[in-house]
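# Results of the structural survey
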Number of protein chains: 2
Amino acid sequence: MTLANSVLLTDLYQITMLQTYHAEHMQETAVFELFTRRLPPERGFLLAAGLEQALDYLENLRFTTEELDWLANCGRFNRQFVASLKDFRFSGTVHALPEGTAFFANEPLLRVTAPLPEAQLVESRLINLFHYQTLIASKAARCVLAAPNKLLVDFGMRRAHGAEAALLAARAAYLAGFAGSSTVLAGMRFGIPLFGTMAHSLIQAHDREEEAFEHFAAAQPDNVVLLLDTYDTEAAANKLVAMHPRLRERGIQIKGVRLDSGDLSEHARRVRRILDAGGLTQVTIMGSGDLDEYRLRELMATEVPIDGFGIGTRLDASTDAPTLDLVYKLQEYAQQPRRKRSEGKATWPGRKQIYRQFTADGGLAGDCLGLENTPRPGEPLLVKVMENGHRLAATESLATLRDRVRAQLAALPSALRADPNGTPYSVEIAPELRELAARLDRELS
Amino acid sequence: MTLANSVLLTDLYQITMLQTYHAEHMQETAVFELFTRRLPPERGFLLAAGLEQALDYLENLRFTTEELDWLANCGRFNRQFVASLKDFRFSGTVHALPEGTAFFANEPLLRVTAPLPEAQLVESRLINLFHYQTLIASKAARCVLAAPNKLLVDFGMRRAHGAEAALLAARAAYLAGFAGSSTVLAGMRFGIPLFGTMAHSLIQAHDREEEAFEHFAAAQPDNVVLLLDTYDTEAAANKLVAMHPRLRERGIQIKGVRLDSGDLSEHARRVRRILDAGGLTQVTIMGSGDLDEYRLRELMATEVPIDGFGIGTRLDASTDAPTLDLVYKLQEYAQQPRRKRSEGKATWPGRKQIYRQFTADGGLAGDCLGLENTPRPGEPLLVKVMENGHRLAATESLATLRDRVRAQLAALPSALRADPNGTPYSVEIAPELRELAARLDRELS
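Since this is a predicted model, take the numbers as computed values, not measurements. (Residues numbered from 1 in each chain as written. Chains lettered and ligands numbered in written order. Predicted model: local features only at pLDDT ≥ 70, side-chain atom pairs only at ≥ 80, totals over all residues.)

## What about the overall build of chain A?
Within chain A, the regular secondary structure consists of 18 helices and 19 strands. Out of the 445 residues belonging to chain A, those deemed buried represent 55%. Counted over contacts in chain A with a minimum sequence separation of 6, partners at least 24 positions apart contribute 72%. (Helix = DSSP H or I, 4+ residues; strand = E, 2+ residues; numbered from the N terminus. Buried ≥ 20, exposed ≤ 12 C-beta atoms within 10 Å, placed from the backbone. Contact = placed C-beta atoms within 7 Å.)

## A word on helix α12 (residues 233–249) of chain B
Residues and elements named next belong to chain B. Relative to the 24 Å expected for 17 residues at 1.5 Å per residue, α12 spans 25 Å between its end C-alpha atoms, a close match to the ideal helical length. The axis of α12 is deflected most strongly, by about 45 degrees, at M243, and proline P245 appears within four residues downstream. Within the sequence span of α12, burial applies to T233, A236, A237 and L240. Lining the buried residues of α12 we find α11 (209–219), β8 (224–227), β9 (254–259) and α13 (264–277). (Expected span 1.5 Å × (residues − 1). Bend = angle between axes of the 7 residues up to and from the residue.)

## Some points on the nonpolar core
Within soluble globular proteins, side chains that are nonpolar generally end up buried alongside one another. Judged by nonpolar contacts, the single largest core of 277 residues is most densely connected at A140, A176 and L226 of chain A together with A140, A176 and L226 of chain B. Once residues within four sequence positions are removed from consideration, A140 of chain A is found in contact with A172, A173, A176, G177, F178 and L315 of chain A. (Core = buried A, V, L, I, M, F, W, Y, C linked by C-beta atoms within 7 Å.)

## Description of the environment of R404 of chain A
Residues and elements named next belong to chain A. Mapped onto the secondary structure, R404 falls in helix α16 (residues 398–411). Each C-alpha atom of the pair R404 and G350 lies 29 Å from the other, and the pair is 54 residues apart in sequence. Ignoring anything within four residues of it in the chain, the contact list for R404 reads P98 and G100.

## A look at the domain arrangement of chain A
Much of the literature gives interface size as the accessible area that the parts lose upon coming together. Residue and element names in this part refer to chain A. According to the domain assignment, chain A contains domain 1 (2–136 + 321–444), domain 2 (148–192 + 308–319) and domain 3 (197–288). Every contact between the two is made by 16 residues of domain 1 and, on the other side, 17 residues of domain 2. Counting residues per element, the ones that place at least two in the side of domain 1 that touches domain 2 are α7 (123–146) and α16. Tallying contributions element by element places α16 first for the side of domain 1 that touches domain 2, with five residues. (Domains from an automatic or database assignment.)

## Remarks on the relation of the copies chain A and chain B
Overlaying chain A with chain B gives an RMSD of 0.0 Å, the required rotation being 180 degrees about an axis along which the chain moves by 0.0 Å. Both copies of the chain, as the preceding transformation shows, are related through a two-fold rotation axis. Here 100% of the interface residues in chain A have copies in chain B that are interface residues too; the copies meet face to matching face. (Least-squares fit on C-alpha atoms with pLDDT ≥ 70 in both.)

## Quick notes on the sheet that holds strand β18 (residues 390–391) of chain A
Residues and elements named next belong to chain A. Judged by pairing direction, the sheet is antiparallel, and its seven strands sit side by side in the order β13-β12-β1-β5-β3-β17-β18 without closing on themselves. Because the sheet does not close on itself, it has two edges, and the strands there are β13 (336–337) and β18. Bridging between strand β1 (residues 29–36) and strand β12 (residues 326–333) involves seven bridges; their strand directions are antiparallel. For L34, the partnering residue across the bridge sits in β12 and is Y328. The sheet contacts of helix α3 (residues 51–59) involve β3 (93–96), β17 (383–387) and β18, and relative to β17 the element is tilted by about 25 degrees. (Pairing = 2+ DSSP bridges. Axes fitted to C-alpha atoms, helices over the stretch in contact; angles between N-to-C directions.)

## Some remarks on the pairing of strand β10 (residues 284–288) of chain B
Residue and element names in this part refer to chain B. The element β10 is extensively covered by neighbouring structure, given that four of its five residues are classed as buried. As judged from the four bridges shared by β9 and β10, these two strands associate in the parallel manner. Note on β10: the bridge partner recorded for V257 is I285. Read as a crossover between parallel neighbours, the route from β9 over α13 to β10 is right-handed. Handedness of the crossover joining β10 and strand β11 (residues 308–311) through helix α14 (residues 293–301) is recorded here as right-handed. (Right-handed = clockwise from strand over helix to strand, strands pointing away.)

## So, the environment of I254 of chain B
The topology assignment puts I254 of chain B in strand β9. Non-local contacts of I254 of chain B, meaning those with residues more than four positions away in its chain, are made with A217, V224, L226, L240, H244, L247, L280 and V283 of chain B.

## A few points about the interface of chain A and chain B
Between chain A and chain B, the contact holds 85 residues from the first and 85 residues from the second. Class assignment for the residues of the side of chain A that touches chain B results in 42 nonpolar, 30 polar and 13 charged. (Nonpolar A, V, L, I, M, F, W, Y, C, P; charged D, E, K, R; others polar.)

## Observations regarding the sheet that holds strand β8 (residues 224–227) of chain A
The strands making up a sheet are joined through hydrogen bonds of the backbone, oriented either antiparallel or parallel. Taken together, six strands build an open sheet; the order of strands is β7-β6-β11-β10-β9-β8 (chain A) and the sheet is parallel. Looking at the sheet topology across the chains shown, the edges are occupied by β7 (180–181) and β8 of chain A.

## Overview of unusual backbone geometry
All names here are of chain A. A positive phi is found at H25, a non-glycine position, where the angle reads about 55 degrees. Here H25 lies in the loop between α2 (12–23) and β1. With 7 C-beta atoms packed within 10 Å, H25 lands in the exposed category.

## Some points on the pairing of β9 of chain B
Residue and element names in this part refer to chain B. Across four bridges, β8 lies against β9 in parallel orientation. Along β9, the bridge assignment pairs V225 with G256. Where the polypeptide runs from β8 across α12 and back to β9, its parallel neighbour, the crossover connection is right-handed.

## Details of the packing of helix α7 (residues 123–146) of chain B against α14 of chain B
All names here are of chain B. Between α7 and α14, the shortest axis-to-axis distance is 9 Å and the interhelical angle comes to 5 degrees. With respect to α14, the axis of α7 lies roughly parallel. For the pair α7 and α14, the contacting residues are R142, C143 and A146 in the first and E293, L296, R297 and M300 in the second. (Parallel < 35°, antiparallel > 145°, perpendicular 65-115°, else oblique.)

## Focus: helix α2 (residues 12–23) of chain B
With twelve residues, α2 of chain B ought to run about 16 Å at 1.5 Å a step, and its terminal C-alpha atoms sit 17 Å apart, in line with that. Of all the twelve residues making up α2 of chain B, ten are buried; the element is thus mostly covered by neighbouring parts of the structure. The inward-facing, buried residues of α2 of chain B abut α9 (184–190), α10 (200–204) and α11 (209–219) of chain A together with α5 (79–84), α6 (116–121) and α7 of chain B. Of the residues one or two after α2 of chain B, H25 of chain B is the one with positive phi, at around 55 degrees.

Below you can see the structure in the form of structure tokens.
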């Protein structure tokens, strides 16, 4: 993944600032935290995701000879500074929320503690990596909550924003509870279960729809899912019933059908009746086409007889909330807490920890955002995952992450589970954190 | 770019369908076209972009040994079929709109003519490549129309959806008329001009703001752009005026300042007054923070004294319209025109051409969507760019594409230029195309 891990996939100002830090010998320890200043109005909670790729990025970060040559010759940087980048490595400590943890506004999902230049340079790509997977895992979790017990599959590769988004959307959706993805590369790279049916083009390339069905079924007799809506959905379902005995004689079992247009609820009902009347009760129905959690809730309310849904474009681009206000801010330098005070963008200073309280049956009961060195009641959520630039533990499997998400979603307050845009979750700011911020403001003014 | 060009970055059903085509010896010529069924309500026109990366993808498409092994062992495909993929190449013909051409609903921006399996397999990634850059070029063009004569810079890398989106957003915005990007890799890969200032963290890492300014200026004396809003914007501007004589003695010229929070219009006015009163009339002002074409129009209406704008998140995620209804549909197979009739998703069949008419002074006067073999008045827009799997011409330079976009934007109807969501542009469907669709419907029913 050359592209993904290029150290030059960053903003110019990071390297410009590094040149200043180099000139001024500013190499003391910096502490940056990654958090969202506010949730999008369409989101009541977020799920942390992207840590695995971020740790991979940090562990492998270095300038190639080609990159150093380019920097030396681009007319912006002095030779001595560029030469110093030759041995650049990330040697810092990282604390993070385990992937799949629910979090809220102002709560850090990552803390980077490292010499200032190292912690600075990685800002842009760390945001980029956490931003997208967190966005998609959170969106996918909303779909899971909207359609529990349905098989949900990521179909969004084609309209994801580029190659990496396509690949990582499959991962983020899977860890959030989707059954799998249609993206083949995600199957190969991450072992994510793959699902797929057929496109309209296969039907259209045949003169007769029945012939297309038959050819497709014969070529993969174990996994036949037929698309019914190329010309007339119910007519196609009837054709299927008529041809079924012939297929069965050849040892072919139809596994499912897919509907991709029109009123899915109405078509599914009619198709289910046709299939059942024809003895094809075991054939499942899959629905797709401009679906998201809102549409899923509507369909579920009609008790639609659809067994699974392919969720594409609106998942992979998180259409209703395509970005998060995710930022990475300096909270401490050279042992001194730091605070940005820009209008509407002030930050809570210092090394922070999230202390989460639970109800007797394990439900989330409220968080406190406090200082790491001043414990508050509750479970501290940020854990150390990297030290001296090396991971402290093996990669968590996707199965582990799925289990965590399942538990997290079950533990959400029921109001938030029922209406993920609704009741805000309580995040209290610890008094000592407020005092620290006030003290810094006094010192600066 | 291993990730970007993996042939397995596709939907599972493509490979499943290829297995059917292989079993049935369906290798005849297929014609697919790429188009949007409708424009987003927020878009009055789109700019075609992504062709360069698409041609690169098609020219280099092949299965690696590792990919073939994975396919052979994933339990879905038979050995004979997988073996046939070893020599898979794209050998087809491609017609396309030159990058930077304005287009509208139903108008193909790409036509692929190739043996069915080749034309089929590439669907997912072709949509993915054209979708994102077209989305961003179109959004960027709206920013250019909103703030003509201002320097616009892509600042969105961190919240673009993944690595490839970050890189290609810089390209798409630049071809649409942006002055450059902050994404360093885009500078190295595409020669796109880079712009950057400093982050709040550099200020915060110093005990005094003046010291931060001075260190930063000394480290890159030729390109000093200082961020003013870390604590108090106007106070920072006054500090700058006070320290300026000292810097000048050291041969340092302040080039500009950046404002990133609060009421940009009001702060810019005050900062301009402070700078001018202090003799710093040549120092430019850059604005950033949640900007897009809507906000730019508001700022321009106040005659804000800002010289350039950094446009980030809302550009790179095209926040107001994060996806296009871009599809790739079979229009002909084995010399027979084909038509999908799904509810609300019916397509115009056959090999089509866009015939564009112009006013006397070169303005766009209306398009006709017709058949390639039945010319209509106007200039045919789709041109042949690939034959037998090889490009017909050298890559167009970004300078050429920028010139084309400049001409295209100038040629848009003035109503569309003034309000890009407004007046729809006329795209007539040629009578022979309507007749062909009607004939196919009769034959199928």
